[in-house]
Amino acid sequence: MAFQSVWTVCLFANNDNDENLLNSDIRITIKETNLVKQSQVFLGDISEIQANGFLKEALAKIVVSSSPKPDQIKSFDKKKIISIIRGQRYLPDNIIMISPRRIYVKRLGQVISKQDVRQFVEQYLSQIFKNQDYQLKTFNVRGLETYPQGKLQFCPDSDDMLDKHGKLSFYLDVVIDGNKEDRLSVSGLVALYDNVLHTTRSYAKGETISKETVCLKKENVFEIGRTGIKTFEEISHKILNYSVRKGDILKTNFFADPPLIQKGDIITLVARNNNLEIITSGISKEDGFENELIKVESLSSGKLVRGIVKGKSRVEVAY
């Protein structure tokens, strides 16, 4: 293959070169500095090509080198390009190439900021906590770099980004033009606020709280747990399992349903024997919940018997 390489600075230095350039069917002018986007450097990225028909397209698609990392610079000698072009056996002999001694390529990049990732996370949280009062209290991203240009997408590795304590912890894939470029580590802390009941006075264990002695205040649900009481109806007529102090947050595990029968109640005592049913009255000697075994004193005989609580004020003798 006949091949001529002409220095840019001496392109018109002698008449012979001028005549060759005018008569050549293919002319490749290499630029000294070049910007590229993709992961490979093509001849068309770093040169101006004059050629007829499909030869221009074929020359432009010749791979010269791999690209540097985004926002980095890479250089190579013109001899490398000459060698690569000579290796294309389909090319005609009369090619003129004009090139500097060294060629420099910089790959364009895009910067992804911490704020970009935060906006993605905020959007995710807004879908989870629709119409709820929440706050991303702390936020951190590790692994951010400069990335290739292209369409950016964030792809979390899991749908479970948030645990029950409000801790944010997951990996986020950086995808550009459909290709995974990196994986980021994302962490943070989320607060979710809701109104829960507080007591405005102290109560002892076993007491029932009145509606006039509670108030609603906003609390971080992730800090107190999801057992906070939101409406008074949830605890109406229930008794306390624990004593509470003024200002305490009221939680579901603080309360229990009162016994169906309390100690000292007059109850209906039912005794069954085959097809015979005897109904009398008695006095409960202890508190009793449904289907619980308690002691009852019969008012007719004065005897203590054991019976099963079957409803409010009704006990069936257990034999």
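These numbers were taken from a predicted model, which means no experiment stands behind them.

The rules behind the values
Residues numbered from 1 in each chain as written. Predicted model: local features only at pLDDT ≥ 70, side-chain atom pairs only at ≥ 80, totals over all residues. Heavy atoms only, no water. Pairing = 2+ DSSP bridges. Helix = DSSP H or I, 4+ residues; strand = E, 2+ residues; numbered from the N terminus. Axes fitted to C-alpha atoms, helices over the stretch in contact; angles between N-to-C directions. Contact = heavy atoms within 4.5 Å. Polar contact = N/O pair within 3.5 Å; in protein donor to acceptor, adjacent residues only side chain to side chain. Buried < 20%, exposed > 50% of the residue type's maximum accessible area, 1.4 Å probe, protein only. Salt bridge = Lys/Arg side-chain N within 4 Å of Asp/Glu carboxyl O. Expected span 1.5 Å × (residues − 1). Arc of directions from axis to C-beta. pLDDT = per-residue confidence, 0-100. Phe/Tyr/Trp six-rings, centres within 6.5 Å; stacked < 30°, edge-to-face > 60°.

(A) Here's a closer look at the sheet that holds strand β3 (residues 33–36). Read from one edge to the other, the open sheet built from three strands follows the order β3-β9-β7, with strand pairing classed as mixed. If you trace the sheet from one side to the other, it starts and ends with β3 and β7 (73–77), each paired once. Direction aside, the axes of adjacent strands within the sheet are offset by 25 degrees on average. Bridge count between β3 and strand β9 (residues 102–107): four bridges; the pairing is parallel. Note that in β9 the partner of Thr 33 across the bridge is Tyr 104. Against the sheet, helix α4 (residues 78–86) touches β7 and β9, its axis set at about 65 degrees to β7.

(B) Quick peek at the environment of Ser 75. In this structure, Ser 75 sits in strand β7. Sequence separation between Ser 75 and Val 105 is 30 residues; the distance between their C-alpha atoms is 6.1 Å. With near-sequence residues (within four places) excluded, Ser 75 lies in contact with Arg 102, Ile 103 and Tyr 104. Of note is the side chain of Ser 75, whose polar atom sits 3.2 Å from the side chain of Arg 102.

(C) A look at the sheet that holds strand β21 (residues 293–298). With respect to topology, five strands assemble into a closed barrel ordered β19-β20-β21-β22-β23, the strand pairing being mixed. Sheet twist, expressed as the average angle between the axes of neighbouring strands with direction ignored, equals 50 degrees.

(D) A look at unusual backbone geometry. Phi at Asp 71 is positive, roughly 70 degrees, even though this residue is not glycine. Secondary-structure assignment places Asp 71 in the loop between β6 (63–66) and β7.

(E) Structural view of the side chain of Asn 34. For Asn 34, the position within the fold is in strand β3. Apart from the residues lying within four places of it in its own chain, the contact partners of Asn 34 are Asp 45, Ile 46, Ile 103, Tyr 104, Val 105 and Lys 106.

(F) Quick look at the side chain of Asp 173. Tracing the chain through its elements places Asp 173 in strand β14 (residues 167–176). On the basis of relative accessibility, which here comes to 13%, the residue Asp 173 falls in the buried class. A polar side-chain atom of Asp 173 sits 2.8 Å from a polar atom in the side chain of Arg 183. Apart from the residues within four sequence positions on either side, Asp 173 is in contact with Gln 153, Phe 154, Cys 155, Lys 180, Asp 182 and Arg 183.

(G) Up close: the pattern of salt bridges. Scanning the model with the defined rule gives twelve salt bridges in all. Here Arg 314 makes a salt bridge to Glu 316, at a shortest N to O gap of 3.9 Å. On the basis of relative accessibility, which here comes to 29%, the residue Arg 314 falls in the partly exposed class. One salt-bridge network, in which partners are shared between bridges, spans Arg 272, Glu 277, Arg 314 and Glu 316.

(H) Spotlight on the pairing of strand β15 (residues 179–199). Looking at chain direction, strand β11 (residues 133–142) and β15 are connected through nine bridges and run antiparallel. If you follow Val 141 over to β15, its bridge partner there is Val 186. Here β14 pairs with β15 via ten bridges, running antiparallel. Residue pairing in the sheet places Leu 172 in a bridge with Leu 184 of β15. Between the end of β14 and the start of β15, which pair antiparallel, lie two residues, with Asp 177 showing a positive phi angle near 50 degrees.

(I) Representation of helix α5 (residues 114–128) within the structure. The end-to-end C-alpha distance of α5 is 21 Å, a good match for the 21 Å that 15 residues give at a rise of 1.5 Å each. If you check which residues of α5 are buried, you get Val 117, Val 121, Tyr 124 and Leu 125. All buried residues of α5 lie within an arc of 100 degrees about the axis, which places them on one face of the element. The secondary structure elements touched by the buried residues of α5 are β11, β13 (152–156), β14 and β15.

(J) Inspection of the confidence of the model for the chain at higher detail. Across the chain, the average pLDDT comes to 89, with 92% of residues at or above 70. Note that residues 1–23 has pLDDT below 50 and, in this model, 48 contacts with residues that lie over four places away or in other chains.

(K) Quick look at the packing of aromatic side chains. One pass over the structure, following the stated rule, counts four aromatic pairs. Considering the side-chain rings of Phe 129 and Tyr 134, the 5.6 Å spacing of their centres and the 40 degrees angle between planes classify their relative orientation as tilted. Taken together, a centroid distance of 5.9 Å and an interplanar angle of 75 degrees make the contact between Tyr 242 and Phe 254 edge-to-face. Taken as a pair, Tyr 242 in the loop between β17 (239–240) and β18 (255–256) and Phe 254 in the loop between β17 and β18 lie far apart in primary sequence, twelve residues in all. A relative accessible area of 45% places Tyr 242 in the partly exposed class. Look at Phe 254 and you get buried, because its relative accessible area is 17%.

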